[in-house]
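# Structure assessment
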Amino acid sequence: MPAETVLQLLPTAAVLVDADDRVRLANGAALGMGIVHGTSIAVAELAQLVRAARRTSTTRVLELSLDSGGFPRRTLAVGARAQPLEDGEVALVVDDLTESRRVEAVRRDFVANVGHEIKTPVGALTLLTEAALGAGDDPDAVHHFLTRMQHEAQRLSRLVQELLDLSRLQGGEAPAETVDVAVDDVVEEAVDRARNAAEAKHIDIVRGGDSGLVVSGKESQLVTALCNLLDNAVAYSSEGTQIAVGVHARDQAVEIAVKDQGVGIADVDQERIFERFYRVDPARSRATGGTGLGLAIAKHIVSNHGGEIAVWSRPGAGSTFTIRLPAEAP
Ligand SMILES: Nc1ncnc2c1ncn2[C@@H]1O[C@H](COP(=O)(O)OP(=O)(O)OP(=O)(O)O)[C@@H](O)[C@H]1O
Ligand SMILES: [Mg+2]
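Residues numbered from 1 in each chain as written. Chains lettered and ligands numbered in written order. Predicted model: local features only at pLDDT ≥ 70, side-chain atom pairs only at ≥ 80, totals over all residues. Heavy atoms only, no water.

Turning to the packing of helix H5 (residues 139-169) against helix H10 (residues 294-304), a few remarks are in order. At a closest axis distance of 10 Å, the pairing of H5 and H10 adopts a crossing angle of 25 degrees. When the axis of H5 is compared with that of H10, the two are roughly parallel. Considering how the two elements wind past one another, H5 and H10 form a crossing that is left-handed. Contacts between H5 and H10 involve Glu162, Leu166 and Leu169 on the former and, on the latter, Ala296, Ile297, His300, Ile301 and Asn304. When the residues that make up the contact of H5 with H10 are grouped by side-chain class, the tally is five nonpolar, two polar and one charged. (Axes fitted to C-alpha atoms, helices over the stretch in contact; angles between N-to-C directions. Helix = DSSP H or I, 4+ residues; strand = E, 2+ residues; numbered from the N terminus. Parallel < 35°, antiparallel > 145°, perpendicular 65-115°, else oblique. Left-handed = near helix turned anticlockwise from the far one by under 90°. Contact = heavy atoms within 4.5 Å. Nonpolar A, V, L, I, M, F, W, Y, C, P; charged D, E, K, R; others polar.)

Here we come to the domain arrangement of the protein. Taken domain by domain, the protein comprises domain 1 (3-96) and domain 2 (102-328). Each of domain 1 and domain 2 has a C-alpha centre, and these two points are 48 Å apart. (Domains from an automatic or database assignment.)

Bringing helix H4 (residues 98-134) into the picture now. For H4, built from 37 residues, the straight-helix expectation of 54 Å at 1.5 Å per residue is met to within 8% by its first-to-last C-alpha distance of 54 Å. When H4 is considered as a whole, its buried residues turn out to be Val114, Glu117, Pro121, Ala124, Leu128 and Ala132. (Expected span 1.5 Å × (residues − 1). Buried < 20%, exposed > 50% of the residue type's maximum accessible area, 1.4 Å probe, protein only.)

Close to ligand 1 lie 22 residues; Asn232, Tyr236, Asp260, Thr291 and Leu295 are nearest. Within the side chain of arginine 158, a nitrogen or oxygen atom sits 3.4 Å from an oxygen atom of ligand 1. Within the backbone of valine 280, a nitrogen or oxygen atom sits 3.2 Å from an oxygen atom of ligand 1. Protein coverage of the free-state accessible area of ligand 1, which is 590 Å², stands at 94%. In the shell around ligand 1, the residues fall into 10 nonpolar, eight polar and four charged. (Near = heavy atom within 4 Å. Polar contact = N/O pair within 3.5 Å; in protein donor to acceptor, adjacent residues only side chain to side chain. Areas by Shrake-Rupley, 256 points an atom, 1.4 Å probe, with all protein chains shown as cover.)

Attention shifts here to the environment of valine 311. Looking at the element boundaries, valine 311 is found in strand E13 (residues 308-314). Relative accessible area serves as the criterion here: at 22%, valine 311 is assigned to the partly exposed category. Distance from valine 311 to leucine 31, taken between C-alpha atoms, is 41 Å for residues 280 residues apart in sequence. Sequence-distant contacts of valine 311, defined by excluding residues within four places in its chain, comprise Ile265, Gln270, Ile273, Phe274, Thr320 and Phe321.

Scanning the model with the defined rule gives 13 salt bridges in all. Of the charged contacts, one joins glutamate 63 and arginine 101 as a salt bridge, the two residues approaching to 2.6 Å between their closest N and O atoms. A residue pair is termed long-range when its members are at least 10 positions apart, and glutamate 63 in strand E5 (residues 60-67) and arginine 101 in helix H4 qualify at 38 residues. For glutamate 63, a relative accessible area of 55% corresponds to the exposed category. In this structure arginine 101 comes out as partly exposed when scored by relative accessible area, which is 29%. Residue arginine 193 pairs with glutamate 189 through a salt bridge whose shortest N-O separation is 3.1 Å. A residue pair is termed a helical-turn pair when its members lie 3 or 4 positions apart in one helix, as arginine 193 and glutamate 189 do in helix H6 (residues 183-200) at four residues. Residue arginine 193 is classed as partly exposed on the basis of its relative accessible area, which comes to 47%. One network of salt bridges, in which partners are shared, links Asp18, Asp20, Arg22 and Arg24. (Salt bridge = Lys/Arg side-chain N within 4 Å of Asp/Glu carboxyl O.)

Structure below.
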């Protein structure tokens, strides 16, 4: 029967229960969620929901969590709806809400984090304004406070810009109008942008490896990703050290590695540095003006390009960040 075939294909669990609480029909999703066992409803709350709908002749809804049993153990957040039909029959549909609940939670965290990050520079601006007003007849002091206000304002606008970039990238769609991009150009542009900061710390950036490689995507985004890695390499290294940018063709991929001789990253932090706003040492990062978004942005760009980003690091010995992208025939 075509209707039953359609039911089988639905991601929503659908169950038909007769007047004696026997399951007459259950689709694949219902079995997958463990709602039905043999000819009965296996979850007590759902069985009650069905009886309540029949008894009151009204639609009943309920949200609950289901333990799928098995291994690995999964807990599902589901929304159930029991609809009375004729002759004591009841239709039960159950939607898996786990993913949307997870997304909501991420969004809530994100808003809280953003609020916190914006509060800091705004609070600083307020204090500095008061200080500048209070220092009315001391031009040196006024100049000092204004300089710091400028610094905080720049930080704030950089933060907002990064957030905008990130939300655009998180659309997840592959970059529109992908074109062939010469990896040499990406490296050249990114190194060029990092040069000022590097020179200020007497850090040498050397380039090596293969040339003439091509990837597919958006050049400006790839430059941003590599730039964020270079910015970090400069920010988290001491004066007079060296940074190496190496490009290599490996299997069907192009690897761009940024290797520094900086402070390095402990194992526990390596798992988290790609999260938004995660900073190993917030105090130190604040001094360098970091917001903890650079790597999150780099990761999104790389994954939107069908690639991946990896880190190798040891505290005291330095770090190597590697971007791997699918290679195009040159
Ligand atoms: N090359 C590196 N060497 C040592 N630590 C690093 C390196 N790259 C990143 N980290 C650590 O990872 C954290 C996250 O990096 P990320 O680039 O995402 O943020 P950020 O540099 O703090 O701020 P920004 O948003 O300005 O880039 C940093 O705060 C730093 O602690
Ligand atoms: Mg950074």
